[in-house]
Each structure stands twice: as structure tokens, then as C-alpha cells.
Amino acid sequence: MSIPDLSRFQFSGGENAAPIADLSSLPEEDKRHLVLAGIDVADTNVSGAFMQLNHADVHCDTRREGLELMDIRAALKKYDGLPRHYWNLLSPDKDDVTRLAHEHCNGGYFVRVKKGVKLTEPVQSCMFIKHSGAGQAVHNIVIVEEGAELHMLGGCSTSHGARDAAHLGITEYYVEKGGKLTFTMIHNWGSSTTVLPRSAGTVAAGGQFQNNYILLNPVGSLQMYPSMNLDGEGAVARFNSVIVAPTGSYVDSGNRINLNAPHTRGEIISRTLTTGGTIINRGFIGANATPVKGHLECKGLIIGNGRMHAIPELDSCRDGVELSHEAAVGKIAQEEIEYLMARGLDEDEAASTIVRGFLNVDIMGLPAPLQRAMQEQIDTLNAGGGM
Amino acid sequence: MLEIRDLHVSVQGTPVLRGINLTIEAGETFILFGPNGSGKTTLLMTLMGFSGYTVTRGSIIFKGHDITHAPMWERARLGIGMSFQRPPTIHGLPTGKMVELCGRGREMDIQAMAKKVHFDKFLDRDVNAGFSGGEIKRSELLQLMAQQPGLLLFDEPESGVDLENMALVGHTVRDLLDGMPEGCNATLRERARKRSTSGLIITHTGHILQYVTADRGQVMYHGKLCCEDKPRRILDHIANHGYQECLRCLAGDSYGKIVEAPLA
């Protein structure tokens, strides 16, 4: 994975932008971009909300007992540099992205749900880039304490006018004993944005981590490979991704699960569609304990002239592990088209019905309004003749 | 309703159907018998318009339209409906949604329709995902109920179906062909008048004949149709004598030459 040159981006300036007390007061244009990134601008039905604009924390609202949500810079000050959680799972020396993010950290959030607190409504976070040439270098820390539950919705977007921006995002996830974290990330970057998240997490005994990732809109170049370590007995991790790459998008995306303790289970499912862009669809499950189970599924559909490169990997030297993978790259099956045509759908209707099903976000268990918003976008994708 | 004239069909360059002539009237159900590999399924697939079935000669006229080279969806919209034997799974497409698509905007009570074929609990499941033999049949019937075809093509309604499901499948096919439920209080004449749905059904075991009123039947042998009679009589005959008789009948004077020809 080669990393693009990042020296041209500005990683500072505007840190003291005026706070936005009410997200619904944002300009219509911006709101539209945020809605496409899954952000509920009306800010209802959430346990808390955080928004970062370029390099400034502009909105932070905590509504539930047991939920702590603040700008990472404030958290570092308050908790003496967060020695147990800050740069603990990732090393600044990993690559150019981590080095720059370490050097320039200009935002991000710290979220913690206290022991035993189960939040039924999600916490939403939003990373917004409004200026051309801006380099966001954020560091997020997510902690779900023992027996707690959190659904984090992260929407990322670039405003219409922002050209050639970059987003570097470090995220460290900590799911403690019996905790449950669902992390849904929706990207709506512009076609000239460079996106380089670097994420890692650890799940303790009996903990669960579910990651949902949706990318339906163009991106310049995106490269990420979040890694989860299942370190406690019985821990579970699931990654579901739905990725669409139109012409001009370059997406190198994968998920990694390390099954480090007995009775851990990991599942990675990705559905990717290129209508002209490039998708490198990686997946890795490593097993370092027994008994463990892992399943990896990467399915890619090519419509038009895109490129799809699936790289599923399974790795273990233990006797008794159960790892499997299914990978497929292809076109829409003629058999399925004909099945629908025999019911009266013409060829285009049949193809778009199949693509809609393929890019199914139902399994993610998203909140109803978000689910609807994503489905609407998938439908527009179809109607736009991109198929 | 359906008129097939001198139909020749090749599959991957190999001739399979060699001059089929068949007319099915509105409201009539026709039963097709024949040994494995004789070309029965090919005829159904060709009528529906599947790719890979090349008509090399002859024509298919449906409701007055020449559909010999029409795309599948056009045939479906004209009123040809087919029950698939091994339909593909379509991930992310719930069966209920599929049924809705089959109705093409028609007002329907999908839940009530699904109840009739004991499928109301499966409407949320992706179409054909992990369905058993009986479930596939019931899902196909449900889709056809929504589609309301004028000509029903059914390849082996009894395959992969247990006895209980067979009764359900049988009664449902009958309702589809009759255009009204069995228990409906209608005179025979009213039933006959109402009956405008035609059927073309392939059967090996003949179980379906216990449920549907089939008027005519014929044996397909080596890509040709022969021996037209009442379906029950054909079935009894095959049960007693196998398909040997067809061979003799088709061969006529040149009996000896035909037996040397490949039977596939």
C-alpha cells in the first residue's frame, strides 16, 4: 500500500472556529452533505453528538448519564495524556499517516460509556471538511467499559466547495469485558478527497464489536485496514461493508481480525461494486488460539470498466481452528437476470433489482431513518444509470 | 392461446427439438410426458425465451403475437408464467418484495396470498435462500399467483415435494388454472367459462393429474411429439410398457434404423 504525498495539506489553522450550538442551523448545502453521510442534523434520538469542522471542535453535546464525550485535546488535558489509551494500540511509527497524525493531531473525539451503562440511542459524530487543501488529522478514542453498550454513528463528509482535502483518522477502540460496541461509519467524501483512516481495537472476554461501513459516493483515494484483536475468551467481531466506486474513485479497503483467545469468533462480509473505479478488497483473519471460528466473505461486482482486486487471507498455525473464506468477482449472473425477466421485469429493471439486493444494508441493523436514507441513496445510484 | 409451428431448437449447436407442432386452447391444460433428455424442458425454456435455446426453424404464436424471438420480459407481460425447478437465490431481495414485483403494480393482499401457500412466515427471507424443495415450489406458486399468467408452464410440479406439500401444490395449480378456488360455489358451466388460463405441465409421476383437469397429453421422444391421448391413459400405458411403444410408433417402417440412433 503506497501512501500518497501528504505534504501539500494544511494541518493547522481555524482551531478556534465558533461553536455551532444547533446543527440544524448549518447552511442547507452542508446539511445535505451531512445527511448523505448519515448525520441526523435535527439531532434527535441521539445520546450525544460531536462535530468537528476542519480543525475545530464546533459541537459537543452529551445527554445521557454515564456517557462521556469530548474533544480529544480536552480529554488529553483532563486525563493526563490518556496513557492507557492514547497511541496504545497503534504506533506513531507505523507509517507516514500515523506519523503525520501524531505530529499534527488537530481534533477527534474521546467517547467513553461507563461500566454497565447501556445506551439505546446512538452517539453521532461528524467529521466535516469545508476548506480546500485542509488536512484533518483526528484521533478518536472509543471506550466501552465492562458490560456497557454503545452504538456510535460516524459520518464523514466534505462540503461541496472543498477541493483536494485530506482526512487522516486514527481510531482506537477498547471494548472491555462483556461490552458491546457497534460502530457505523458512513463516508460521503468528495471526488478529490484523500482519506486515510488507521484504526485498531481490542475486545476483552465476552465483548462484541460490530463495524458497519458504507461508502456510496465518490472519493478521491481511500485507504484503510482496521484491525481488531479479540483478546478475551468468547469475544466476537463482525465487519460489514458496502462499497461503491464510480469512475475516479480509488478504494483500498480491508478488515483484519486476530482471534487471540479461545472461543473467539470473527466474521468479515463485504459487498463491493465498481462502476468504473478501482476497489482493492482485503480481508484477513488470523487465528492464534483454539477453538476459534472465522469466516471471510468478499463479493465484488463489476459493472462497466472498473477494477476489482479481492485479497482474502486466512492465517494460522494452530491445529483445530476453523477458518473459511468465500471470494467472488464477477458480473450480475445471467441466471438471476432471466429469473426476474421471466416475471416481467425488463433487463434494466432486473439488473438494478439485483444490484439493490447485493448492496443490502439490512444486515447492519441501522436505526430506521438511517436505513431509509441509505436505501434511498442506493436507489438513486441505480436510477442514475450508473449500472 | 398458444400455437407452436414446426419448431426446431438447438442448444449449443446440438438440435434438441426437431419439428414440434402443438396448439393449446384458452383454458386447456396440456400434459407433456417423455423420458429424460427427450426435450420437454427445452420446449418450456424455449417458450419462456431463455438464452441458450436457439430457434432454428418454426414459430411460436401466443395470443396472436409472434413471440418466437421476443425477449423474456415481453413474453411474461403478455401472460406466460413459468414455475422454475431450480431458481437462483437473489440475495437482498425478500420474497415478499419479489411477489410485489411479479404483480407489476397490481393491487394485492400479499400476506393473504402467502397464507394460502403457507408462506406468510417466509416473506422476509431472501428469495430462494436456503429454501427446501417444497418451499421453492410454494414460493414459485406465490409469485405466479401475483403474476396471474394466461399460460402456466410447470416443469415437474411433484419433484422434491413431500406428499403433504404435493396436495398443496396440486390444489394451488388447480386454482391458478381454474381462476377460482376449488371450493367456490360455481356451476360446471360457469367454471368452464371462467377458465381461461392454459397450462403446459411436464410430469413423470403423474401425481399432478390427481388435482388438475388435464384435457390432452402427448409424449415427447427424441425431440418430437407423438402419441396424443388422454393424459391418464398415456400415464397408464407408460407405466405398463415404458417408452418402448413410442419408439415403435415414431419409427414406423424404419424401426431398425432409429434404435441405432442416439436416444439422448
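Note that this is a predicted model, so its numbers are computed, not measured.

Things to note about the sheet that holds strand S12 (residues 224-229) of chain B
Residues and elements named next belong to chain B. Here we have six strands laid out as an open sheet, ordered S6-S9-S10-S3-S11-S12, and mixed in their pairing. The two strands at the open ends of the sheet, each matched to only one other strand, are strand S6 (80-83) and S12. Put simply, the sheet's adjacent strands are angled 20° from each other on average, direction ignored. On top of the sheet, helix H1 (residues 40-48) reaches strand S3 (29-33), S6, strand S9 (151-155), strand S10 (198-202) and strand S11 (216-221); it is set at about 145° to S9, its chief contact. On top of the sheet, helix H5 (residues 133-147) reaches S6 and S9; it is set at about 170° to S6, its chief contact.

Focus on H1(B)
Burial of H1(B) is extensive: eight of the nine residues sit out of reach of the surface. Phi turns positive, to about 100°, at B:Gly49, one or two residues after H1(B).

Some remarks on the nonpolar core
Counting 183 residues, the largest nonpolar core has A:Val142, A:Val144, A:Met341, B:Leu44, B:Met48 and B:Leu153 as its most contacted members. At seven residues, strand S14 (residues 236-246) of chain A tops the list of elements feeding residues into this core. The residues touching A:Met341, leaving out its near neighbours within four places in the chain, are A:Glu347, A:Ala350, B:Pro71, B:Met72, B:Trp73 and B:Ala76.

What to know about helix H3 (residues 95-103) of chain B
In an α-helix, one full turn covers 3.6 residues, which means residues spaced three or four apart are oriented alike. Residue and element names in this part refer to chain B. For H3, the set of buried residues is Thr95, Met98, Val99, Leu101 and Cys102. The buried residues of H3 occupy an angular sector of 160° when the element is viewed end-on, so they sit on one face. Two residues or fewer past H3, arginine 104 is found with a positive phi of approximately 45°.

Remarks on unusual backbone geometry
Put simply, A:Thr290 and A:Pro291 share a cis peptide bond, and its omega is -10°. Turning to its location among the elements, A:Pro291 is positioned in the loop between strand S17 (278-287) and strand S18 (293-302). Positive phi, close to 55°, is recorded for A:Trp87, a residue that is not glycine. One can find A:Trp87 in the loop between helix H2 (72-78) and helix H3 (96-104). Look at A:Trp87 and you get partly exposed, because 18 C-beta atoms sit within 10 Å. In this structure, B:Lys63 is a non-glycine residue whose phi angle is positive, near 50°. Within the secondary structure, B:Lys63 is located in the loop between strand S4 (53-62) and strand S5 (65-66).

Section: the packing of helix H4 (residues 334-341) of chain A against helix H5 (residues 347-358) of chain A
Helix packing for two helices is described by the angle between their axes and how far apart those axes are. Residues and elements named next belong to chain A. Relative to each other, H4 and H5 sit at 120°, their axes nearing to 9 Å. In this view, H4 runs oblique relative to H5, as classed from their interaxial angle. For H4 against H5, the interelement crossing comes out right-handed. Every residue of H5 that contacts H4 at Glu336, Ile337, Leu340 and Met341 is listed here: Glu347, Ala350, Ala351, Thr353 and Ile354. Within the contact of H4 with H5, the residues separate by chemical class into six nonpolar, one polar and two charged.

Definitions and limits used
Residues numbered from 1 in each chain as written. Chains lettered and ligands numbered in written order. Predicted model: local features only at pLDDT ≥ 70, side-chain atom pairs only at ≥ 80, totals over all residues. Pairing = 2+ DSSP bridges. Helix = DSSP H or I, 4+ residues; strand = E, 2+ residues; numbered from the N terminus. Axes fitted to C-alpha atoms, helices over the stretch in contact; angles between N-to-C directions. Contact = placed C-beta atoms within 7 Å. Buried ≥ 20, exposed ≤ 12 C-beta atoms within 10 Å, placed from the backbone. Core = buried A, V, L, I, M, F, W, Y, C linked by C-beta atoms within 7 Å. Arc of directions from axis to C-beta. Parallel < 35°, antiparallel > 145°, perpendicular 65-115°, else oblique. Left-handed = near helix turned anticlockwise from the far one by under 90°. Nonpolar A, V, L, I, M, F, W, Y, C, P; charged D, E, K, R; others polar.

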